[in-house]
Amino acid sequence: QVQLVESGGGLVQAGGSLRLSCAASGGTFSIYTMGWFRQAPGKEREFGAAITWYGSNTYYANSVKGRFTISRDNAKNMVYLQLNSLKPEDTAVYFCAASVAPGNYYNANNWGYWGQGTQVTVSS
């Protein structure tokens, strides 16, 4: 059983940056593929980024590619999401997720463990 706790959200102006962190506990962190999703009010939860268990492969949604960077530190049981060049449409609750084998990363149903989320608000 893996527990995930996100932090680092906040209010930022358009064009600014934030770094989200996700602390994992209760499992063998290094075997999990880790991901970040986001959910805006009235919208479905959408995939943002994923990183495989040893960090050898990363995947991004087109909407964040080139602006967001996912990374992990297996020694610290941490995964990060660096958000740069933020836009008002990036405003959402950001969730950390974990799965041993998520298959289609875009499908939220394929991820077995979730954090409680952290709010990111981008003002114009």
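Heads up: the structure comes first, above all this text.
Residues numbered from 1 in each chain as written. Predicted model: local features only at pLDDT ≥ 70, side-chain atom pairs only at ≥ 80, totals over all residues. Heavy atoms only, no water.

Undergrad: How should I be thinking about the side chain of Thr-52 in this particular structure?
TA: Examined against the element boundaries, Thr-52 turns out to sit in the loop between strand E5 (46-51) and strand E6 (58-60). Judged by its relative accessible area of 9%, Thr-52 is buried. Not counting residues up to four positions away in its chain, the partners in contact with Thr-52 are Tyr-32, Thr-33, Asn-57, Tyr-59, Arg-72 and Tyr-105. (Helix = DSSP H or I, 4+ residues; strand = E, 2+ residues; numbered from the N terminus. Buried < 20%, exposed > 50% of the residue type's maximum accessible area, 1.4 Å probe, protein only. Contact = heavy atoms within 4.5 Å.)

Undergrad: Quick question: what am I supposed to make of the packing of aromatic side chains here?
TA: Two aromatic rings are characterised by how far apart their centres lie and by the angle between their planes. Here the structure, examined in full by the defined rule, presents 9 aromatic pairs. Judged by centre distance (5.0 Å) and plane angle (65°), the rings of Phe-37 and Trp-114 are edge-to-face. Residue Phe-37 is located in strand E4 (residues 33-39), and its partner Trp-114 is located in strand E10 (residues 113-114); the two are separated by 77 residues in the primary sequence. Taking relative accessible area as the criterion, Phe-37 reaches 1% and is therefore assigned buried. Ring-pair connections join several aromatic residues into one group, and the members of that group are Phe-37, Phe-47, Tyr-59, Phe-95, Tyr-105, Tyr-106, Trp-111 and Trp-114. Geometry around Trp-114 places Arg-45 over its ring, the cationic atom sitting 4.7 Å from the centre. (Phe/Tyr/Trp six-rings, centres within 6.5 Å; stacked < 30°, edge-to-face > 60°. Lys NZ or Arg CZ within 6 Å of the ring centre and 35° of its normal.)

Undergrad: Teacher, can you tell me more about the state of the cysteines here?
TA: As used in these notes, a disulfide is a covalent bond between sulfur atoms, one from each of two cysteines. In the structure shown here, the tally under the stated rule is 1 disulfide. Between the sulfur atoms of Cys-22 and its disulfide partner Cys-96 the distance amounts to 2.1 Å. Judged by the torsion about the S-S bond (-80°), the Cys-22/Cys-96 disulfide is left-handed. Taken as a pair, Cys-22 in strand E3 (residues 18-25) and Cys-96 in strand E9 (residues 92-99) lie far apart in primary sequence, 74 residues in all. With respect to class, Cys-22 is no different from Cys-96; both count as buried. (Disulfide = S-S within 2.5 Å.)

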